[in-house]
Amino acid sequence: QQQQQQQQQQQQQHTITTATTATTASPQASKYVVGTVSSVDCPQGGEDLTSADCQSAASTLGLQWGGSASLPELPHGCIKTISGTSNAEDTAKFNSYEWGEPSTIWVKLCKKGKHGAYHVQSALSPSTTTAEPEEEESNSTEEKHGHRKHAAIAGGVIAGVVLVLIIVVAVVVRRRGAAAADEKKEPLAGGAAERYPMQGDYVLVISLNRKGYVTAPPDENWKYIITFEDDNTVSDLLPYEDLQLVDDGAAAADPAAQPAQ
């Protein structure tokens, strides 16, 4: 295993040495990048080359052109060797097979995209990688999670504020409605008073021509229960229109006529 690792290191060093020589001859080499071993895709940010572009890249990088062929056992598209084998040293070719398979000898040869390439090796420096974009990608993910968290909190606050506003508006509308209903009520029968009867008031039940005391506050429909002074019996619910406030001076002379408080 150690011998195999040493052989791979020697092969990579051989490729780097050859590529460095090609760099001196062709400044255009920097626009190309290579993929990784055992991968069939261009590196992130890289773009596939056509057969004609692949041949042009081979010339630019000082590689032998191996032509175009359909090779199922190699990666699809433009590929180059990374080893120093005697029969495929410093060679590029175009594999027209639609899918292809990963290889430990051949890697993808691609051109850099508009925004460069991330996690890639230079076509002329296979041992050089760039790690910064990974950090940027991680930071971007954290920022997205942070934005989502802040958005959720803001959404909860807004929902709470809206709920409070709805409650306040409902209370105001209800109070205004009650006030308007009170304003629409007609004065008491006979116009004997400027207010409505309250618990303990001495009143005349107009329809019965009987007097008594208001036993309890009115219900929601402004109906009252009266305890009659003549026999201390209790009436049914009576509308406020049937009641008239009277001077309770006469009743005060007869305390027994007043209901128990």
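I will try to describe carefully the structure that is included in this document. Just so it is clear, the model here is predicted, and its values are computed rather than measured.

### Quick notes on the nonpolar core
Logical step 1: Counting 15 residues, the largest nonpolar core has Y32, L49, A57, L61, L63, C78 and L109 as the members making the most contacts within it.
Logical step 2: Within the second largest apolar cluster, 10 residues are counted, among which are Y224, L238, Y240 and L245.

### Observations concerning the packing of aromatic side chains
Logical step 1: Under the criterion given, the structure shown has three aromatic pairs.
Logical step 2: Between Y196 and Y240 the ring centres are 5.4 Å apart and the planes differ by 80°, which places this aromatic pair in the edge-to-face class. Of this pair, Y196 sits in the loop between helix 3 (132-184) and strand 8 (202-205) while Y240 is found in the loop between strand 12 (238-239) and strand 13 (243-245), placing the two residues 44 residues apart along the sequence.
Logical step 3: With a centroid separation of 5.0 Å and 40° between ring planes, the pair formed by Y202 and Y213 is classed as tilted. Taken as a pair, Y202 in strand 8 and Y213 in strand 9 (residues 210-214) lie far apart in primary sequence, 11 residues in all. Y213 matches Y202 in its accessibility class, with the two residues each being buried.
Logical step 4: Members of the aromatic cluster, joined through ring pairs, are Y196, W222 and Y240.

### Describing the pattern of salt bridges
Logical step 1: For the structure shown, the criterion picks out four salt bridges.
Logical step 2: Here D201 makes a salt bridge to R195, at a shortest N to O gap of 2.7 Å.
Logical step 3: For D201, a relative accessible area of 12% corresponds to the buried category.
Logical step 4: Relative accessible area serves as the criterion here: at 39%, R195 is assigned to the partly exposed category.
Logical step 5: In this structure, D231 engages R210 in a salt bridge whose closest nitrogen and oxygen atoms are separated by 3.1 Å. Linking D231 in the loop between strand 11 (226-228) and strand 12 with R210 in strand 9, this pair joins segments that are 21 residues apart in sequence.
Logical step 6: Overall, D231 belongs to the partly exposed group, its relative accessible area being 42%.
Logical step 7: Taken together, the shared-partner salt bridges connect R210, D230 and D231 into one network.

Here is what the cut-offs are and how they apply
- Residues numbered from 1 in each chain as written.
- Predicted model: local features only at pLDDT ≥ 70, side-chain atom pairs only at ≥ 80, totals over all residues.
- Heavy atoms only, no water.
- Core = buried A, V, L, I, M, F, W, Y, C linked by side-chain atoms within 4.5 Å.
- Buried < 20%, exposed > 50% of the residue type's maximum accessible area, 1.4 Å probe, protein only.
- Phe/Tyr/Trp six-rings, centres within 6.5 Å; stacked < 30°, edge-to-face > 60°.
- Helix = DSSP H or I, 4+ residues; strand = E, 2+ residues; numbered from the N terminus.
- Salt bridge = Lys/Arg side-chain N within 4 Å of Asp/Glu carboxyl O.

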